[in-house]
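Given next are the chains, with one letter for each unit.
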Amino acid sequence: MKFFKHINKIISRAFYPENLTCAVCGNELDESRRDGLCRDCSVPFISSCCEHCGRALENSTQKFCEACLYIDRENDRFDIARAPFRYADDSVHKLVWKLKYGNNPYYAKIMAAKMVEYAKDLIDSCDCLTYVPLHPIKQRKRTYNQSERLAHYISQLTGKPVESLLRKTVYSGESATSLGRKERSDMIRDSFELTCDVRKRKIILIDDVFTTGATAGECSKILKEGKASFVGVLTYATSDGNKPATYDPSDNEKKFKKFLRNTV
Ligand SMILES: [Zn+2]
Ligand SMILES: [Zn+2]
């Protein structure tokens, strides 16, 4: 009997690995943890956020983050952006990086469920989902686009169609995560184009993480120039609203590479 249980576990793990072990730390999950994360790796949703860009705020009386109040919003062409979690939380950025670089596309399913739970009304108010595209060279290297996977699972959960509305036309190297907002904006400017007519459409743009907001801003700009009537941005994680200018994602990158060497 014990033998059959063991075999059953091996088979289940091959087909549904996210249901048996925590996606972040790899520890066994008990029956009550159906969302793929153990108690230690689960964090609460962002409770207070900037009304425009969705960055996390410590003070619930604050309406807008520092970036939206003081920094030039010329590139923030989206109508609203939201994310359920803070990228600065350890387990959150580890899961984002595991999806992006750890060759774990099925983790997108766990993340999509949280995004739908947090932003169901926003998704319901739109016609379709789209995602931040990768340049074909980058997609070949990574084998899949993590944002497309997230959009695909969100579509499964909500019934909203996913459409490839954008194309990346300029290859910008492997990673831009260590760059600041200005450098990142300069690098991706005019590097996306529309694949079809988006006039009068209400669109949700899906991505994994919102850091400087430059990528979301540039994609939204293209969609708005194509006369989309509404562009909402939904990501799994976002930066902190009180320190977006000083936040350095490259610190996380160094920590994550060490973490990945130890766990994968
Ligand atoms: Zn865990
Ligand atoms: Zn803001």
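Residues numbered from 1 in each chain as written. Chains lettered and ligands numbered in written order. Predicted model: local features only at pLDDT ≥ 70, side-chain atom pairs only at ≥ 80, totals over all residues.

A. A look at the pairing of strand β7 (residues 230-238). Along β7, eight of the nine residues are buried, which leaves the element largely enclosed by surrounding structure. As paired elements, strand β1 (residues 80-82) and β7 share three bridges and run parallel to each other. Of the residues in β7, the one forming a bridge with I80 is G232. Examined bridge by bridge, strand β2 (residues 85-86) and β7 share two bridges and lie parallel to one another. Counted as the bridge partner of F85 is A237 from β7. For the handedness criterion, the β-α-β arrangement of strand β6 (residues 202-210), helix α8 (residues 214-225) and β7 is classed as right-handed. (Buried ≥ 20, exposed ≤ 12 C-beta atoms within 10 Å, placed from the backbone. Helix = DSSP H or I, 4+ residues; strand = E, 2+ residues; numbered from the N terminus. Pairing = 2+ DSSP bridges. Right-handed = clockwise from strand over helix to strand, strands pointing away.)

B. Broad picture of the packing of helix α3 (residues 90-101) against helix α4 (residues 107-124). With their axes 9 Å apart at the nearest point, α3 and α4 run at an angle of 135° to one another. The angle between α3 and α4 places the two elements in the oblique class. Judged by the twist between their axes, the crossing of α3 over α4 is left-handed. Contact residues: L95, K98 and L99 in α3; Y107, A108 and M111 in α4. (Axes fitted to C-alpha atoms, helices over the stretch in contact; angles between N-to-C directions. Parallel < 35°, antiparallel > 145°, perpendicular 65-115°, else oblique. Left-handed = near helix turned anticlockwise from the far one by under 90°. Contact = placed C-beta atoms within 7 Å.)

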